[in-house]
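Below, each chain spelled out in residue letters.
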Amino acid sequence: MMDRLELQKLRDLPIEGVAERLGLQVTRHKALCPFHDDHHASLSFSVHRNTYRCFVCGASGGPIDLVMKYLNKGFRDACRWLSLSPDPSPSREGCAGATKSPLYLEGDRGRLSFDASRYERFFERPWLNDEARKFLFDERRLDPRVVRWCRLTSWKDKQGVPWLQIPYYDREGKLIGLQNRNLIKGALPRFRFPQGAECSIYNLPVLNLLKSGETLWITEGCSDCWAMLSAGHKAIAIPSATLLKRKDAEQLSIINCQLSIKFAMYPDSDVPGERLFLQLREVLPMLEHHQLPVGCKDFSDYYTTQRVRPFV
Ligand SMILES: [Zn+2]
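The structure reproduced in this document is the subject of the present report. (Residues numbered from 1 in each chain as written. Predicted model: local features only at pLDDT ≥ 70, side-chain atom pairs only at ≥ 80, totals over all residues. Heavy atoms only, no water.)

Focus on the sheet that holds strand E2 (residues 43-46)
Then, in step 1: Read across the sheet, four strands follow the order E1-E2-E3-E4 without closing on themselves; strand pairing throughout is antiparallel. The strands lining the two open edges of the sheet, one partner per strand, are strand E1 (30-31) and strand E4 (60-61).
Then, in step 2: For strand E3 (residues 51-54) and E4, the ladder comprises two bridges, and the chain directions are antiparallel. Bridge pairing links tyrosine 52 to glycine 61 in E4. (Pairing = 2+ DSSP bridges. Helix = DSSP H or I, 4+ residues; strand = E, 2+ residues; numbered from the N terminus.)

This is the structure in structure tokens:
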């Protein structure tokens, strides 16, 4: 059971932070009310009183009430949900005193404006809605362990659109970016990035698991990376793009110098895929080329259509 002090801590969690963690978009202390069909941001937050109130439907309360009502949870479950996320105060360990990873490239201006502390909490206790489960497990056939490792989570925006939320970590496990993927097929925008989130190389924490001489697979985009991991291999992803960014190339080159590992890749079955392979090979001269079977456009396609499990 939770004692008074702990409860008070939950009641003191900043109301707007809790709202954002639930997926509400807060602008100037207002948000679209999720409790009625709102088009005018009727939900107001009082930072002073740490409460919310809707002037149309009358919904009101504090952080715990908001979680109870929004997630349709009882008091105790709502408290548990709130307490399983760390206190968002900036003095938290891992932020202030963290030593910089040699793999963390300094001078990444894009990253400076990404406020990771606003988002870290989302991934502490990942939660997958039905759309996310369908996408990850039915369509992509991913291994649940991979989904947990990657801390994929999901949420719905105020229009009810389901999103998969994909965190990017550095090698120390510090959140450095995130990407939202629309879970409605064909819907636009397909991806959304919070302000300042710059998603470069994905799944850097896997580098800590590599043994000397082991192979690191390089994939293009998160989906291929999840498929590669689900096939039992260690993989990182570079952003899906026609050109390899200099910053990413530099980071790969540093990885190559620091770790005595092998690199391999299944380039996408098209001209840009092969071009990317050649660019990567300039940075990683020993990069092995693997050929996808005819008819597979990328590794994810190969993995899901699974004529055969490629590696077991
Ligand atoms: Zn309302």
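Quick word on the nonpolar core
What tends to happen in soluble globular proteins is that the nonpolar side chains get buried as a cluster.
Then, in step 1: Counting residues in hydrophobic clusters, the biggest one holds 33 residues, and the most contacted among them are Leu136, Leu152, Leu164, Ile166, Tyr202, Trp226 and Phe299.
Then, in step 2: Secondary structure elements with two or more residues in this core: helix H7 (130-139), helix H8 (144-149), strand E6 (162-169), helix H9 (222-230), strand E10 (235-238) and helix H12 (299-305).
Then, in step 3: Here this core takes six residues from H9, the largest share from any one element.
Then, in step 4: If we skip the residues at most four places from it in the chain, leucine 164 touches Leu128, Ala132, Phe135, Leu136, Leu152, Thr153, Ser154, Gln179, Asn180, Arg181, Leu183 and Trp226. (Core = buried A, V, L, I, M, F, W, Y, C linked by side-chain atoms within 4.5 Å. Buried < 20%, exposed > 50% of the residue type's maximum accessible area, 1.4 Å probe, protein only. Contact = heavy atoms within 4.5 Å.)

With respect to the layout of surface pockets
Then, in step 1: Taken as a whole, the largest pocket encloses approximately 610 Å³ of empty space.
Then, in step 2: If you go around the largest pocket, you meet 29 residues; those closest to its centre are Arg190, Glu220, Gly221, Ser223 and Ser240.
Then, in step 3: Where the lining of the largest pocket is concerned, the elements lending two or more residues are E6, strand E7 (175-182), H9, E10 and H12.
Then, in step 4: Take the lining of the largest pocket: its biggest share by element is four residues, from H9. (1 Å grid on protein atoms, 1.4 Å probe; cavity = no way out; pocket = protein on both sides within 12 Å on 5 of 7 lines; lining within 4 Å. Points joined across faces, edges and corners; volume = space filled by probe spheres on them.)

A closer look at the sheet that holds E7
Then, in step 1: Ordered by their spatial adjacency, four strands build an open sheet running E5-E6-E7-E8, and the pairing between neighbours is antiparallel. On the outer flanks of this sheet lie strand E5 (153-156) and strand E8 (191-192), each paired with one strand and no other.
Then, in step 2: Relative to E7, E6 is paired through seven bridges, and the arrangement is antiparallel. Bridge pairing in E7 places proline 167 opposite leucine 178.
Then, in step 3: Strand contacts of H9: E6 and E7, with the helix running at about 75° to E6, the strand carrying the most contacts. (Axes fitted to C-alpha atoms, helices over the stretch in contact; angles between N-to-C directions.)

Brief notes about unusual backbone geometry
Then, in step 1: If you check the backbone angles, histidine 29 has positive phi at about 65° while not being a glycine.
Then, in step 2: The residue histidine 29 is located in the loop between helix H2 (15-21) and E1 in this model.

Focus on helix H4 (residues 75-83)
Then, in step 1: Along H4, the residues classified as buried are Ala78, Cys79, Trp81 and Leu82. Seen along its axis, H4 keeps its buried residues to an arc of 160°; they face one direction.
Then, in step 2: Considering only its buried residues, H4 is in contact with helix H1 (4-11), H2 and helix H3 (63-71). (Arc of directions from axis to C-beta.)

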